[in-house]
Structures are given as C-alpha cells and as structure tokens.
Amino acid sequence: MALLIPSLEGVDFDKHIGPILENKCYRCHGEEKVKGELRLDSPEAILAGGEYGDILVPGDPSESSLYVLTTYPKDDPDYMPQKGKGLTVGERKLLKRWIADGASFGESFARKPEPKTRSKFEEADPANERKYTIMGEAVEIVARLRESGLQVDTANHDASRFEISYTYAERSEGAFGFETLALLGDSLVKLTLARTDVSDGDLAGIVDYSRIEYLDLGRTKVGDAAMEYVAKLEHLRYLNLCDTNVTDAGIQKLASVKHLERVYLWGSQATADGAKRLEKRIGEGAVILGSELGAAPRRAGPRI
Amino acid sequence: MKNIIGRIPNLDRREFLAYSAKAFLGVGLMPIGIRSEVFAAAAPTRLPSAKNVIYLYMAGGMSHLDTFDPKESRDVRGPVEAISTNVSGIRISEYLPRIAKQMDKMAVIRSLSSTQGAHEEGRYFMHSSYTKRGTIVHPGIGSWLLKLDGARNPNLPGVVHIGTSNPGGGNGYFEQRFAPLVIGNPEAGLQNSKIRKGVSEKEFHDSVMLTNAFDAEFHNRYNQKKTRAYTDMYDDAIKLMKSRDLAAFELDEESKQTREAYGTNPFGQGCLLARRLVEHDVRFVEVTLGGWDTHINNFERVEENAQVLDQALASLLTDLERRGMLEETMVVLATEFGRTPQINGNDGRDHSPTAFSCVLAGGGIRGGQVYGETDTIGKKVADRKVAVPDFNATIAYALGMPLEKTLYSPSGRPFRVADKGIPLLDLFG
C-alpha cells in the first residue's frame with residue numbers, strides 16, 4: 001500500500017493514520033479483540049483510551065503511549081504492536097507528526113468533551129488521588145507553617161486532616177509556638193512531639209486543639225502534670241508515653257478521655273498495677289505496658 | 001455543630017487568633033468546615049496509615065510449604081507438622097512457633113504468583129515490579145517513596161539496606177540522593193562515620209570550610225546534576241557525622257536482653273537496627289536473610305533458617321507494638337518465589353514461582369487473616385491470585401503513594417511505583 005508522504009500538506013487522519021491503525025492494530029484493538037480495554041477503530045474509541053487511561057495527548061507525542069510504545073525496541077515487553085509486523089519508520093514518523101500537529105480527526109468529527117474515563121486505579125480506589133493532595137486554601141496555610149520551621153503532613157494520607165511534627169522542627173529553644181497551630185484549627189488531628197524538650201507546662205497550650213486524635217510524647221521528659229492537659233483532649237484516640245516520666249498516678253487522669261483506644265507506656269514509670277487500673281476504666285487491651293522480649297529458647301542442635 | 005453560646009470565651013480567643021494570623025502571617029485560619037468542603041464523602045473509613053517500611057527479604061526463594069502454607073499430604077509436607085496459631089483457623093509450620101503467637105498482627109498472603117523463576121530476575125521483579133531488561137534499572141519502593149514524599153529525618157538517609165542490597169531495590173535511574181545506604185554488618189556500626197579522634201570540632205569545621213571553598217570553585221564551573229549529586233552526598237555525609245541521630249546506629253544502646261531476644265546473628269541484629277532506624281524516622285529499611293535456596297537438604301536448612309526468622313520477626317513485631325510503632329510502620333516479609341511440592345533426590349525442593357507466600361503487618365493492615373489459597377499440593381493458586389506488582393501496589397498504597405504517578409527514565413520511558421499493580425484493599429481496616 002503506497003503511503004502518501006505529506007511533506008507539504010498536513011497529516012490527515014483518514015488518509016494517513018487510519019490505514020496504519022487498521023493494518024497494524026485492529027487485530028488486537030478492534031471489534032474482535034479488545035486488549036487492554038482499548039479499541040483503536042474509531043476516533044471515539046481512541047479518545048476514550050484503555051484500562052490505564054488516556055493513550056493520546058494531542059500536541060505531545062512523548063506523552064502519548066499510542067506513539068511511545070511503538071518506539072521501543074522490538075524485544076521490550078511493552079513494545080507495540082505485540083503481534084504481527086511493527087510500524088515502519090515512515091509510519092512512526094506520520095503518527096508522531098499527526099499527534100504533534102494536534103491529533104485532529106478531521107472537520108467532520110466534532111470532539112465532544114468526554115467525561116474522563118476511569119482508569120483501573122481509580123476504579124480500585126476512587127478516593128486515593130484526593131487523599132494525599134493538599135488542596136485549596138490548605139496549600140497556603142501549610143506553606144506558611146512549613147516556613148515557620150514545622151513539619152506538616154496530611155494525616156494518614158487524608159488531605160482534609162493534618163499532622164504536625166516538632167521532632168525535627170527548626171525552632172528556638174523553648175519556643176513551641178502552639179498558637180500557630182490555630183491556623184489548622186480543627187483539621188489538626190495528629191501531633192508529634194517525640195524526642196523534643198517539651199515540658200509539662202508547655203503542654204498547657206495544646207488543650208485548644210480538641211480535634212487531636214493522635215499525640216506522640218515518646219522519649220520526652222513529660223510527667224504526671226502534663227496528663228492534666230492531655231486529659232482535656234476529648235477526641236484523643238492514641239497516646240504514646242513511652243520513655244517518659246509518667247507514673248501510675250498521672251495516667252489515671254486519662255480515664256476521662258472517652259475515645260481513648262491505645263495508651264503506650266513501655267519505658268515510662270507506670271507499673272502493671274497502674275496500667276490495670278486504667279484499663280479497667282477505659283477498656284480491655286487499651287493500655288499497653290509492654291514487657292521484656294522473650295529470649296531465644298535454649299535448644300540442642302546447630303547453633304547459628 | 002458546636003454549642004457556640006456555651007463557648008463564647010473560646011470564640012473570642014479564636015477571633016483573636018484569626019486576627020493575629022492575618023496580621024502576622026498573612027493567612028486566614030483554616031475554616032472549621034474544611035473537612036466537609038474537601039471531602040464530600042461521609043466520615044472516612046479507617047485509612048492506611050504507613051509512614052515507614054521494614055522490609056524483610058528472604059533471599060533464595062523461601063519454601064512456602066514449610067513455612068506459611070503447610071499442606072496435609074505426607075508426600076508434600078515431608079516431616080513437617082503444622083501448628084495452630086493465636087488466631088483460630090490459621091495454621092502454619094511448626095518451624096515458626098513464636099511467629100505463630102503473633103498471627104493476630106499479620107496478614108498472610110498465600111496466593112502470590114510470579115512469572116520469574118530465576119533468582120536474579122525474581123529478586124529484581126519482586127523489588128521493582130518490572131521485569132529485568134538490559135536497557136534500564138528500575139528504582140525500588142524505598143527510593144520511590146523518598147522521591148515522591150521525601151525523607152522525614154533531615155539528618156539520616158531515608159533508605160537503608162542491611163545485609164545486602166538486592167537487585168531492583170536501589171535508586172535505579174533516580175538521582176543519587178535517593179540511593180540506599182548499604183550496611184553489610186549491622187553490629188559494626190557505621191564505618192568512617194565518627195570524626196577521627198584527635199581532630200577537634202573546630203579543626204574539623206575548618207577543613208570542611210576549606211573543602212567547601214575548593215568545591216565551590218568546582219561546583220560553579222561544573223554545575224550539573226552529577227556534580228551536585230556528589231556535593232549533596234558530601235553534605236549529607238557531614239550532616240550524618242555531626243548528627244545526634246547517629247546514635248540510632250549504635251546497637252550497644254540496647255539491653256543485652258533485647259539483643260538476645262532478636263537473636264545474636266546478623267539478621268536478628270539487623271532487625272533490631274531496623275527498628276531503631278525507623279524510630280528515628282528512616283523511611284525504608286530492608287534486611288536480607290539468605291540461605292533459602294534449598295535444592296539440597298531442604299528440611300534441615302529451612303528449619304535452621306526459620307529459627308532465625310522466627311526469633312527475629314516475633315521480637316520485631318512485639319517490640320514495634322509495645323512502642324506504639326506498628327500503626328505507622330509496615331512490616332513486609334517477601335521472597336522471590338516458592339518451592340516445589342515435589343521433593344527431589346537430594347531431599348530438596350526446587351524453584352516454584354507459580355504460587356508462594358508473603359506476609360504484611362502493621363501500617364493499617366488488619367492482622368489475623370489469610371488472603372488467597374493454593375491448591376492441595378501448593379503448586380498453583382486456587383483463589384485470589386496476587387501478582388507481584390499487586391503486592392507492591394499494596395505496600396505503596398499503605399504509604400499513601402500515588403499509584404498512577406508516572407515518572408520518566410532518562411530515555412523517556414514512563415514508569416510507576418508498582419507498574420500496573422492494583423492494591424489489595426481488603427487487607428486494610
């Protein structure tokens with residue numbers, strides 16, 4: 001089949017591209033077989049894309065898998081077409097130019113704004129894309145907080161909830177500036193102060209953030225006095241007090257926190273007795289005191 | 001809706017804060033209703049919560065039949081008995097008695113299936129989700145995580161490999177700064193990492209300044225990616241040397257009891273080091289245990305290896321749990337393929353990629369479950385096949401990574417963190 005080389009005229013879909021697709025692609029992407037949920041036998045189908053989304057970005061051949069996959073080495077697992085003869089150099093050039101020139105299907109075809117077809121990933125987890133992407137007004141607020149030296153993240157990959165960590169925050173000594181957390185207000189659900197020099201008195205400033213569900217005070221010098229403030233966090237679910245100075249007396253104050261699910265006390269001054277007392281009031285399994293790890297059993301046989 | 005009247009004093013405070021925020025920082029407060037604005041859906045279900053990964057790699061092809069997927073037939077199981085676990089209905093090999101008591105934390109996937117039955121190709125595929133090809137080296141999940149989401153601790157490397165660095169698990173074609181730090185022997189600490197005795201802080205500082213001066217010259221003249229990679233690495237090395245967080249590498253800080261509990265062998269100590277590193281917000285730590293390629297003398301060798309694994313993994317899970325780390329740390333147990341139900345002439349089992357077992361725990365995974373099933377002899381998947389990219393997509397999903405995000409290699413090829421893998425959402429929540 002003689003190819004018209006459109007060196008002076010534009011690349012025409014019907015004249016130049018259609019025949020390539022028919023000869024090289026329909027076998028797997030047409031009426032009989034629809035590999036990768038992709039059909040190439042009509043402009044609508046080409047625009048609809050396949051199981052992984054769009055295959056054509058008008059104006060950009062390098063982003064169009066319709067073209068890119070034909071340029072791979074023949075033995076590459078992703079090379080297209082997988083069956084039959086590959087595209088000739090001339091055909092690839094045509095395809096590339098057609099896309100670069102805007103991928104027009106001709107005047108007779110009016111491109112309707114297609115609803116974006118859902119890729120397999122979106123089907124699997126529709127909310128995923130939105131989860132970790134910070135959007136709207138939050139973008140500027142997060143930027144400001146980061147400028148002030150704090151580490152800000154989405155909490156549990158949910159972009160409507162935020163987490164602040166002071167552990168690596170650049171701040172002057174003693175200045176926790178909990179007031180700036182007001183910028184996040186009710187969206188602040190996780191707060192990490194682990195391995196900082198936070199003191200009992202400092203924590204008075206966090207009682208305003210009643211939406212905090214997760215508080216990590218591990219490896220700090222906080223003690224019983226801090227529990228006074230922590231107990232005011234009505235929505236607290238998770239509290240890490242590992243390697244702190246809290247004692248049995250202090251942790252009992254946590255009994256008033258209704259939703260408390262897990263309190264970690266390994267390395268603190270609490271004892272089994274105090275842990276049990278608290279557990280009686282907030283629920284079985286909620287207080288994890290921890291114990292020494294079991295040593296390897298002595299066994300006869302090959303020593304490793 | 002809040003009871004505004006009862007909280008008028010707080011409202012004043014909030015108004016004051018709102019005013020200050022605008023005046024000093026130039027932004028408004030996050031509106032109270034932002035949650036409903038951004039998220040039209042109902043209250044979010046339990047979301048995956050992993051921030052970090054401890055990836056335990058069983059190199060050589062761990063026999064699933066003698067570990068996590070025991071079979072009844074005598075012909076298949078040889079001398080190995082199955083034991084019950086602390087989850088009713090789930091039984092595993094008698095070689096893993098301590099892990100059996102931690103089953104409530106674990107999700108055992110028995111239906112992994114790979115297309116790669118050779119070691120190098122299998123390890124590469126398992127680590128990168130792509131088949132090995134001559135033209136490109138793909139990055140591993142740890143490097144993808146660093147590239148897309150960044151490190152958390154600015155003073156420590158974001159990815160560390162202990163024991164060995166497996167093919168497909170490095171930074172691939174990503175920039176050098178996403179490369180893993182490789183530690184051969186976890187008990188040796190970091191080589192060349194302490195400022196030499198006798199060199200004062202000032203002298204050290206001066207020599208760094210001098211080097212920087214020379215470097216600046218070089219850097220200005222050759223300001224390209226590679227050069228900056230070199231200086232980035234150097235700067236990072238300096239930061240590491242002077243960092244308090246260097247103590248994370250000191251196993252001596254742990255009690256003798258803890259060290260013995262993990263097992264006094266490189267893998268056990270490697271797992272302990274991994275816990276310490278993740279405590280310091282290193283995001284991806286891989287620890288390799290070799291010796292699973294049991295073509296010869298399968299049962300004795302698997303028993304030996306399993307004892308090391310059993311001790312280390314059980315201690316690791318208990319340790320992470322008691323420190324409150326299991327919610328944010330995903331523990332992965334992986335291997336490149338399984339082994340044949342048929343016992344060969346050397347009392348061994350050969351490669352069998354069509355069905356094998358891997359395990360996930362923590363990071364939002366619901367413990368105490370088995371996912372998928374193999375047939376009666378453990379050769380083929382009978383229910384809910386999990387392709388290797390799907391397994392990796394599950395890890396990436398737990399970390400909140402964008403599965404669709406495409407990055408391009410230097411030659412312009414598109415790649416994703418788990419290729420076309422679809423995450424197993426049923427494992428969470």
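Just so it is clear, the model here is predicted, and its values are computed rather than measured.

**A few points about the overall build of chain A**
Check the secondary structure of chain A and you find 10 helices and 7 strands. Buried residues in chain A amount to 37% of all 304 residues. Looking at chain A alone, contacts between residues at least 24 apart form 53% of all its contacts between residues at least 6 apart.

**Comments concerning the packing of helix H10 (residues 266-279) of chain B against helix H11 (residues 298-322) of chain B**
Residue and element names in this part refer to chain B. For the pair H10 and H11, interaxial distance at closest approach is 9 Å and the crossing angle is 15°. Taken together, the axes of H10 and H11 lie roughly parallel to each other. The two elements H10 and H11 meet at a crossing, and its hand is right-handed. Residues Phe 267, Gly 268, Cys 271 and Arg 275 of H10 pack against Val 308, Gln 311, Ala 312, Leu 316, Asp 319 and Leu 320 of H11. Residues of the contact of H10 with H11, tallied by class, amount to 6 nonpolar, 2 polar and 2 charged.

**Remarks on the pairing of strand S11 (residues 356-361) of chain B**
Residues and elements named next belong to chain B. Burial of S11 is extensive: 6 of the 6 residues sit out of reach of the surface. With 5 bridges joining them, strand S4 (residues 106-113) and S11 adopt antiparallel strand pairing. Among the inter-strand pairings, Met 106 is bridged to a residue of S11, identified as Ala 361. Sheet topology note: the strand S8 (residues 329-335)/S11 ladder contains 3 bridges and is antiparallel. From the neighbouring strand, Leu 333 faces S11, where its bridge partner is Val 359.

**Notes on the packing of helix H1 (residues 13-24) of chain A against helix H4 (residues 89-100) of chain A**
Angle between the axes and distance between the axes are the two parameters that describe a pair of packed helices. All names here are of chain A. It is the contact of H1 with H4, at a shortest axis distance of 10 Å, that shows an interaxial angle of 125°. One element, H1, and the other, H4, form an angle in the oblique class. The way H1 lies across H4 gives a crossing that is left-handed. Touching Phe 13, His 16, Ile 17 and Ile 20 of H1 are Glu 91, Leu 94, Leu 95 and Trp 98, all from H4.

**So, the domain arrangement of chain A**
Domain boundaries in chain A define domain 1 (13-124) and domain 2 (128-288). On a C-alpha basis, the centres of domain 1 of chain A and domain 2 of chain A stand 52 Å from each other.

**So, the nonpolar core**
Counting residues in hydrophobic clusters, the biggest one holds 98 residues, and the most contacted among them are Ile109(B), Val285(B), Val332(B), Val359(B) and Ala396(B). At 10 residues, H11(B) tops the list of elements feeding residues into this core. Contacts of Val332(B), omitting those with residues within four sequence positions, involve Val53(B), Tyr55(B), Leu56(B), Leu360(B) and Ile395(B). Judged by nonpolar contacts, the second largest core, of 49 residues, contains Ile141(A), Tyr166(A), Leu236(A) and Ala270(A).

**Some remarks on unusual backbone geometry**
Each neighbour pair has its own omega, and for Met80(A) with Pro81(A) the value is -5°, a cis peptide bond. Turning to its location among the elements, Pro81(A) is positioned in the loop between helix H3 (65-68) and H4.

**A look at the sheet that holds strand S6 (residues 262-264) of chain A**
Residue and element names in this part refer to chain A. The 7 strands are arranged S1-S2-S3-S4-S5-S6-S7 in an open sheet whose pairing can be described as mixed. Two strands in the sheet have a free side with no partner beyond their single neighbour: strand S1 (151-155) and strand S7 (287-288). Relative to S7, S6 runs parallel, the two sharing 2 bridges. Note that in S7 the partner of Tyr 264 across the bridge is Ile 288.

**Notes on the environment of Glu250(B)**
Mapped onto the secondary structure, Glu250(B) falls in the loop between helix H8 (225-242) and helix H9 (256-262). For Glu250(B), a count of 12 C-beta atoms within 10 Å corresponds to the exposed category.

About the thresholds
Residues numbered from 1 in each chain as written. Chains lettered and ligands numbered in written order. Predicted model: local features only at pLDDT ≥ 70, side-chain atom pairs only at ≥ 80, totals over all residues. Helix = DSSP H or I, 4+ residues; strand = E, 2+ residues; numbered from the N terminus. Buried ≥ 20, exposed ≤ 12 C-beta atoms within 10 Å, placed from the backbone. Contact = placed C-beta atoms within 7 Å. Axes fitted to C-alpha atoms, helices over the stretch in contact; angles between N-to-C directions. Parallel < 35°, antiparallel > 145°, perpendicular 65-115°, else oblique. Left-handed = near helix turned anticlockwise from the far one by under 90°. Nonpolar A, V, L, I, M, F, W, Y, C, P; charged D, E, K, R; others polar. Pairing = 2+ DSSP bridges. Domains from an automatic or database assignment. Core = buried A, V, L, I, M, F, W, Y, C linked by C-beta atoms within 7 Å.

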